[in-house]
Amino acid sequence: MIVRTVTGHPPKTKLPRGAVDAQMHMYLPGFPAQPGGPDLPAGALPDAGQYRSVMCWLGIDRVIVTQGNAHQRDNSNLVACLGEMGDVGRGVGVIDSTTSDAELDRLSHRGVVGARIMDLPGGAVGLSELEAIDAKAAARGWMIAVQFDGTKILEHEARLRGIKSRWVFDHHGKFFGGVAPDGPEVAAVKRLIDTGNCWFKFAGAYESSKSGGLTYEDVGAVSRAIASHARERIVWGTNWPHNLARITADYPDDAALTDTILDWLLDDRARHLALVENPEKLFGLPPFGGVED
């Protein structure tokens, strides 16, 4: 059993107006898990109402809803979630080489702005379809979110350099085997960023950290090195509702996690870039209508 905390004391780090949560999942009733993927999250479904409470708690104004692995290649739940979120939400869905132009047009009309590649167990579409998905995404101005075991990045670097779309390397690189900030894997990330269409996402530090919380210092060291190299290419996400947590005792404090991760950015300017300007460019969002504090 799990009970998710969706409100509390705000983070010590004040998020700027227009802040974008670039990585989270949402689930609505009536959309069962699909064969090939994991079960739906434990406990009460983490739906739009719960997430709006989290937005108010942390100071988030906009959100990118990412298709959860539980729904595999069926984007119905994602489309419904975008309907619930309205103008503040956009989506990253799952497509493949067989997805029709009519379906891509439908998804675009509903607020989908990107495609997800998840080359890990439970993922719906892996790197085997990278080029086909990239071609479809590039034709519509979509981005691609790419996730795999980052310790293998040198094996994939040549293919990743060929991506035509804007794309983001997900989840702090998911360096499961552990890497050093000055190691060859991080150097490869920097080279990919320098091509001009690659971003790096701060989200889910606990998923690959070996040192553990509350500081996740091993992931932090790598993330700080990449942010120092190109602060204009960092985006941030809560990774709510933290699907790896199956019981309440394992559920992270979202305010404390926000403070930890955003402290890896050097100053307020770097945080504004990561939370507002960078995701606008990556996801093709319009400028925020509010006034910056």
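Description of the structure in this document. Along each chain, residues carry numbers from 1 onward, in the same order as the chain's sequence is written. Whole-chain, interface and lining totals are the exception, using all residues; otherwise, since this is a predicted model, local features are given only for residues with pLDDT of at least 70 and side-chain atom pairs are given and counted only at 80 or more. Computation of side-chain values: all heavy atoms of the structure, hydrogens and water removed.

### So, the overall build of the protein
Okay, step 1: Numbering of helices and strands starts at the N terminus; helices are DSSP runs of H or I of at least 4 residues and strands are runs of E of at least 2. Check the secondary structure of the protein and you find nine helices and eight strands.
Okay, step 2: The principal-axis extents of the C-alpha atoms in the protein amount to approximately 45 × 40 × 40 Å.
Okay, step 3: The rule is simple: take the accessible area with a 1.4 Å probe, protein chains only, and divide by the maximum for that residue type; under 20% is buried, over 50% is exposed, in between is partly exposed. The proportion of buried residues among the 293 residues of the protein is 57%.
Okay, step 4: When contacts within the protein are restricted to residue pairs at least 6 apart in sequence, those whose partners lie at least 24 apart make up 76%.
Okay, step 5: Surface accessibility in these figures is a Shrake-Rupley result with a 1.4 Å probe; residues are shielded only by whichever protein chains are displayed. Surface summary for the protein: the accessible area is close to 11900 Å², and the carbon and sulfur share equals 52%.
Okay, step 6: Charge separation in the protein, taken as the distance between the mean sites of 30 positive and 37 negative side-chain charges, equals 3 Å. Only heavy atoms matter for contacts: two residues are in contact if any of them lie within 4.5 Å across the pair. The charge count includes Lys and Arg as positive and Asp and Glu as negative, but it does not include His or the ends of the chains. Charge positions come from single atoms, namely NZ of Lys, CZ of Arg, CG of Asp or CD of Glu.

### A word on the sheet that holds strand S5 (residues 143–147)
Okay, step 1: Strands are labelled as partners when DSSP assigns at least two bridges between them. One open sheet holds the eight strands; their spatial order is S1-S2-S3-S4-S5-S6-S7-S8, and the pairing between them is parallel. Here the strands that pair on one side only, and so sit at the sheet edges, are strand S1 (20–24) and strand S8 (234–236). Pairwise comparison of adjacent strand axes, ignoring direction, gives a mean angle of 25° for this sheet.
Okay, step 2: In the sheet, strand S4 (residues 112–118) pairs with S5 via five bridges, with the strands oriented parallel. Its bridge partner lying in S5, Gly114 is registered against Met143.
Okay, step 3: Axis lines are fitted through C-alpha atoms, for helices just across the contact stretch, and the angle between N-to-C directions can take any value from 0 to 180 degrees. Packing against the sheet, helix H6 (residues 184–193) makes contact with strand S6 (166–169) and strand S7 (198–202), and its axis sits at approximately 130° to S7.

### Here's the deal with the pattern of salt bridges
Okay, step 1: Just to be clear on terms, a salt bridge is a Lys or Arg side-chain nitrogen sitting within 4 Å of an Asp or Glu carboxyl oxygen. Summed over the entire model, instances satisfying the criterion amount to 14 salt bridges.
Okay, step 2: Arg224 is the partner of Glu217 in a salt bridge, and the nearest nitrogen-oxygen pair spans 2.4 Å.
Okay, step 3: For Arg224, a relative accessible area of 29% gives the class partly exposed.
Okay, step 4: One connected set of salt bridges, linked through shared partners, spans Arg73, Asp96 and Glu129.

### Concerning empty space enclosed by the protein
Okay, step 1: Buried and open spaces are told apart on a 1 Å grid over the protein atoms alone, a cavity being a set of points where a 1.4 Å probe fits but cannot get out and a pocket being an open set with protein on both sides within 12 Å along at least five of seven lines. Residues with an atom within 4 Å of a point are the lining residues. Grid points are joined across faces, edges and corners, and a volume is the space filled by probe spheres set on the points. Using the criterion set out here, one finds one cavity of 30 Å³ or more in the structure.
Okay, step 2: Counted as a void, the largest cavity has a volume near 70 Å³.
Okay, step 3: When the residues that make up the lining of the largest cavity are grouped by side-chain class, the tally is five nonpolar, six polar and one charged. Note on residue categories: nonpolar means Ala, Val, Leu, Ile, Met, Phe, Trp, Tyr, Cys or Pro, charged means Asp, Glu, Lys or Arg, and polar means any other residue, Gly included.

### Some details on the nonpolar core
Soluble, globular proteins show a tendency: their nonpolar side chains are buried together.
Okay, step 1: Working definition of a nonpolar core: buried Ala, Val, Leu, Ile, Met, Phe, Trp, Tyr and Cys residues. They are joined through side-chain atoms within 4.5 Å. In terms of nonpolar packing, the biggest core is built from 76 residues, with Tyr51, Leu160, Trp167 and Phe202 touching the most fellow members.
Okay, step 2: Ranked by residues supplied to this core, first place goes to helix H1 (residues 48–58) with six residues.
Okay, step 3: The contacts of Leu160, once residues within four sequence positions are left out, are Leu130, Val146, Phe148, Ile153, Trp167 and Leu192.
Okay, step 4: Val92, Val113, Val168 and Val235 belong to the second largest nonpolar core, which has 13 residues in total.

### Topic: H1
Okay, step 1: Of all the residues in H1, the buried ones are Ala48, Gln50, Tyr51, Val54, Met55, Trp57 and Leu58.
Okay, step 2: Buried-residue contacts for H1 involve S1, strand S2 (62–66), helix H2 (76–85) and helix H8 (254–262).
Okay, step 3: Gly59 lies just past H1 and shows a positive phi near 95°.

### What about the environment of Gln147?
Okay, step 1: If you trace the backbone, Gln147 turns up in strand S5.
Okay, step 2: According to the relative accessible area criterion, Gln147 is buried, its value standing at 1%.
Okay, step 3: Separated by 91 residues in the primary sequence, Gln147 and Cys56 place their C-alpha atoms 29 Å from one another.
Okay, step 4: When near neighbours in sequence (up to four residues on either side) are disregarded, Gln147 contacts Arg116, Ile117, Met118, Asp119, Leu120, Asp170, His171, Lys174 and Glu207.

### Focus on the packing of aromatic side chains
Okay, step 1: Only centres within 6.5 Å qualify two rings of Phe, Tyr or Trp (six-membered ring in Trp) as a pair; their planes then separate them into stacked at under 30 degrees, edge-to-face at over 60, and tilted for everything else. In total, this model carries seven aromatic pairs according to the counting rule given.
Okay, step 2: When the ring of Phe169 is compared with that of Phe200, the centres are 6.2 Å apart and the planes differ by 70°; the resulting orientation is edge-to-face. Taken together, the positions of Phe169 in strand S6 and Phe200 in strand S7 put the pair 31 residues apart, joining distant regions of the chain.
Okay, step 3: Owing to a relative accessible area of 0%, Phe200 belongs among the buried residues under this scheme.
Okay, step 4: Judged by centre distance (6.2 Å) and plane angle (70°), the ring pair of Phe202 and Trp264 falls under edge-to-face. Pair noted here: Phe202 is in strand S7 and Trp264 is in the loop between H8 and helix H9 (268–283), with a separation of 62 residues, a long-range link.
Okay, step 5: What makes Phe202 buried here is its relative accessible area of 0%.
Okay, step 6: According to the relative accessible area criterion, Trp264 is buried, its value standing at 4%.
Okay, step 7: Members of the aromatic cluster, each reached through a chain of ring pairs, are Phe148, Trp167, Phe169, Phe175, Phe200, Phe202 and Trp264.
Okay, step 8: As a reminder, the over-ring test applies to NZ of lysine and CZ of arginine, requiring each to be within 6 Å of the ring centre and within 35 degrees of the ring normal. Over the face of the ring belonging to Trp199 we find Arg233, whose NZ or CZ atom lies 4.4 Å from the ring centre.

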